[in-house]
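A look at the structure
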Amino acid sequence: MKLLIIHPSPQFAGSGFYLQVVAEHFVQHGHQVLVACEGKIKYPFLNRVQWINIQLENGLCCQDFLNRLIDFKADFIIQVGVRNQPMKAALQLIAKQPVPMIVQAEDDEYLPFLKHSPYQTTQILETLNYPNPSWCDYAKFISQLNFKFSLNNLVGVNGNRWVDPILRILCYRLASCYGAIWYDMGERLHGWFEKPYFVLPPVIKASDYLDYQYDSGNRVKFLELYNIDPASKVIFISGTVYDYSDEFDCFLRALQLVCEQVDQPLTLVTTGRGKVGQGLNNAVFNFKWVSMNAPDERDYMLMNLYSDINAAPGFADSFNEYRMSSRLVKSLILGRPILTFQTGFARRIEHENYCFCTTTNSYEEWAQVIKNALTQSAPGFNFRAYEYAYKNFAIESVGVQIDKQIANVKETQPLRGMKLLMLRASIWILQLFSKFLPSMKQLQNDESIYIDKILHKLAVNKANKIAIYGAGELGDKLGAQIKSLMPDIEIKFYVDQRAEKETFNISGIQVIGPSLLTSKSDDIDCLLIASVAFHDKIIKNIKEQRLINDTVKVISG
């Protein structure tokens with residue numbers, strides 16, 4: 001049997017770790033596995049598993065890459081997640097070589113969609129989440145589309161890599177069945193589309209962790225290597241801190257409160273990515289912060305082993321509800337306690353003495369849970385934590401069940417009939433766009449994309465009253481788009497250097513000179529920069545002359 005996995009991240013990032021374990025499991029049982037992924041590949045051949053990069057041309061998969069997938073002659077595909085480039089690869093392949101496709105659902109796509117999609121709501125994602133949508137549902141879906149955004153995702157060379165509504169619904173509806181990172185996600189998909197699912201969790205190879213044994217003496221030596229006081233309580237955030245919500249800021253406030261209420265010193269250890277650094281650099285806290293930056297695998301595992309609590313803080317939102325944080329699996333297999341949110345998989349073990357759950361978005365409640373975790377969790381090895389991880393996540397334990405589920409998928413019918421014809425027609429149309437509309441190759445530099453980015457940032461910042469700096473053609477277009485697409489936002493005035501000599505109006509709105517901006521900045525919450533050529537000069541002038549107060553956000557594309 002031949003298995004093709006299409007993965008939306010580098011080889012050793014995100015899901016790459018557990019996909020390698022799954023792939024090795026199949027290879028050991030006599031099957032062939034090929035993994036196509038985005039991003040860096042460190043080992044093209046690792047334990048008889050081959051990794052290749054997804055290769056694009058004019059926004060779609062190039063022919064040489066597609067030919068390589070076709071020549072592999074996969075019996076079925078596992079399409080991981082709903083990220084745009086891998087989805088395009090999967091859809092282009094099954095259009096040419098119909099085989100059963102599993103969509104492995106890992107993360108809720110709603111919050112990432114809101115973050116990365118200009119002035120669109122999640123309503124468009126919900127419109128076709130039914131087993132048999134009507135023609136009215138399809139018409140409603142089309143009416144909600146931002147065609148410029150989706151067209152750039154489909155054939156633009158710099159398209160968004162996250163969630164495109166068209167690609168997402170095509171993959172979900174054309175899948176033979178679903179894999180789910182955990183039961184909550186599987187039940188959600190089955191409720192939407194009434195197709196079968198099986199749980200493919202972030203598996204680990206338990207035998208890889210046998211060398212990590214808790215030793216109090218070695219703990220002291222290891223922590224001292226990172227200038228951590230061994231007498232302090234150590235909390236380790238061992239993975240990415242996502243900024244789809246304000247959960248990390250809440251966590252920092254909770255830690256600060258814990259420090260004010262206990263006598264023992266506290267150390268927060270992170271791996272130094274994204275919002276973590278923004279939240280902690282130049283800030284004053286009573287706890288110590290240590291960043292491991294990008295540790296090697298052994299130091300990473302030892303920090304998991306010797307921390308008092310391994311944390312994956314989060315709010316009870318849809319993103320956290322349906323995901324399964326693989327970092328926590330590594331902590332559990334080491335017999336270490338975890339702290340997370342009372343959603344998803346944590347509900348099943350929240351009453352155990354190795355799992356401590358927050359239930360609200362209140363930092364006071366989080367502080368109490370953190371204190372409970374620090375006082376109730378014992379140092380050393382917790383056998384019940386290890387037992388739970390081995391039963392549910394060790395490939396040695398769940399591999400047989402995965403084999404049975406995959407065998408069932410192999411017997412399903414591949415795409416055929418009208419659905420296949422429609423998919424092939426859609427791919428053909430996209431190829432025409434890609435080939436005969438050379439302007440698509442320059443969309444990232446187009447004024448329309450600049451405007452799209454500003455509109456998206458306006459939505460994210462929940463702007464109400466704005467001013468636009470730049471009364472030229474770009475400023476006029478931007479104002480027209482805001483009036484049309486975001487009518488609740490009020491444009492108070494334009495700013496333009498020409499108005500220093502003589503005031504004028506643009507589309508019925510007053511244009512003032514930069515010298516008057518200071519006196520009027522209290523009337524706005526956002527200032528939009530509608531100039532590409534003079535962008536840097538305008539920003540510099542605003543800062544040097546302090547033309548706006550600190551509460552006004554400056555937004556540009």
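Our subject is the structure listed above.
Below: a short report on this structure. (Residues numbered from 1 in each chain as written. Predicted model: local features only at pLDDT ≥ 70, side-chain atom pairs only at ≥ 80, totals over all residues. Heavy atoms only, no water.)

Turning to the sheet that holds strand S13 (residues 288-291), a few remarks are in order. Reading across the sheet, the six strands line up as S13-S12-S11-S14-S15-S16 and stay open at both edges, with parallel pairing between neighbours. Whereas interior strands pair on both sides, the edge strands pair on one side only; in this sheet they are S13 and strand S16 (355-358). Between one strand and the next, the sheet's axes are offset by a mean angle of 25 degrees, whatever the strand orientation. Pairing analysis gives three bridges linking strand S11 (residues 233-237) to strand S14 (residues 309-311), with the strands arranged parallel. Note on S14: the bridge partner recorded for isoleucine 235 is isoleucine 309. (Pairing = 2+ DSSP bridges. Helix = DSSP H or I, 4+ residues; strand = E, 2+ residues; numbered from the N terminus. Axes fitted to C-alpha atoms, helices over the stretch in contact; angles between N-to-C directions.)

Another point: the environment of tyrosine 130. On the secondary structure map, tyrosine 130 appears in the loop between helix H5 (123-126) and helix H6 (135-144). Expressed as a C-alpha distance, the spacing of tyrosine 130 and asparagine 153, which sit 23 residues apart in the sequence, is 24 Å. In contact with tyrosine 130, other than residues within four places in its own chain, are Arg173, Trp192 and Phe193. (Contact = heavy atoms within 4.5 Å.)

The grouping of Phe12, Phe17 and Tyr43 at the surface amounts to a nonpolar patch, some 260 Å² of accessible area in total. When you line up the elements, phenylalanine 17 lands in helix H1 (residues 16-28). (Patch = residues over 30% accessible without salt bridge, like charges linked within 9 Å, V, L, I, M, F, W, Y side chains within 5 Å. Areas by Shrake-Rupley, 256 points an atom, 1.4 Å probe, with all protein chains shown as cover. Salt bridge = Lys/Arg side-chain N within 4 Å of Asp/Glu carboxyl O.)

Given two aromatic rings, their pairing is described by the distance between the two centres and the angle made by the two planes. Counted by the stated rule, this structure contains 21 aromatic pairs. Seen in terms of ring centroids, phenylalanine 315 and tryptophan 366 are 5.5 Å apart; in terms of plane orientation they differ by 70 degrees. Their pairing is edge-to-face. One end of the pair, phenylalanine 315, is in the loop between S14 and helix H14 (318-322); the other, tryptophan 366, is in helix H16 (residues 363-376), and 51 residues separate them in sequence. By relative accessible area, phenylalanine 315 is classed as buried at 11%. The exposure class of tryptophan 366 is buried, given its relative accessible area of 2%. Through pairs of rings, three or more aromatic residues link up here, namely Tyr110, Tyr172, Tyr178, Trp192 and Phe193. Its guanidinium or amino end placed over the ring of tyrosine 322, arginine 188 lies 4.1 Å from that ring's centre, counting from NZ or CZ. Residue placement shows lysine 330 over the ring face of phenylalanine 17; its charged tip is 4.7 Å from the ring centre. (Phe/Tyr/Trp six-rings, centres within 6.5 Å; stacked < 30°, edge-to-face > 60°. Buried < 20%, exposed > 50% of the residue type's maximum accessible area, 1.4 Å probe, protein only. Lys NZ or Arg CZ within 6 Å of the ring centre and 35° of its normal.)

Position of glutamine 144 among the secondary structure elements: in helix H6. A residue is classified by how much of its surface remains accessible, and glutamine 144, at 23% relative accessible area, is partly exposed. Between the alpha carbons of glutamine 144 and leucine 125 there is a distance of 9.7 Å; along the sequence they are 19 residues apart.

Bringing unusual backbone geometry into the picture now. Leave glycine aside and you will find that most residues have negative phi; peptide bonds, for their part, are mostly trans. Here glutamate 194, not a glycine, exhibits a phi torsion of approximately 55 degrees, which is positive. Residue placement: glutamate 194 occurs in the loop between helix H9 (183-193) and strand S10 (197-199). One non-glycine residue, arginine 546, lies in positive phi territory at about 50 degrees.

Bringing the pattern of salt bridges into the picture now. For the structure shown, the criterion picks out nine salt bridges. The shortest N-O distance in the salt bridge between aspartate 308 and arginine 219 comes to 3.2 Å. With a gap of 89 residues between them, aspartate 308 in the loop between helix H13 (297-306) and S14 and arginine 219 in helix H10 (residues 216-225) connect regions that are remote in the sequence.

Relative orientation of the contacting elements helix H2 (residues 63-72) and helix H3 (residues 84-96) amounts to 60 degrees, with a least axis distance of 10 Å. The angle between the axes of H2 and H3 places the two elements in the oblique class. When you trace H2 past H3, the crossing you get is right-handed. Contacts from Gln63, Phe65, Leu66, Leu69 and Ile70 of H2 reach H3 at Ala89, Gln92, Leu93 and Lys96. Residues of the contact of H2 with H3, tallied by class, amount to six nonpolar, two polar and one charged. (Parallel < 35°, antiparallel > 145°, perpendicular 65-115°, else oblique. Left-handed = near helix turned anticlockwise from the far one by under 90°. Nonpolar A, V, L, I, M, F, W, Y, C, P; charged D, E, K, R; others polar.)

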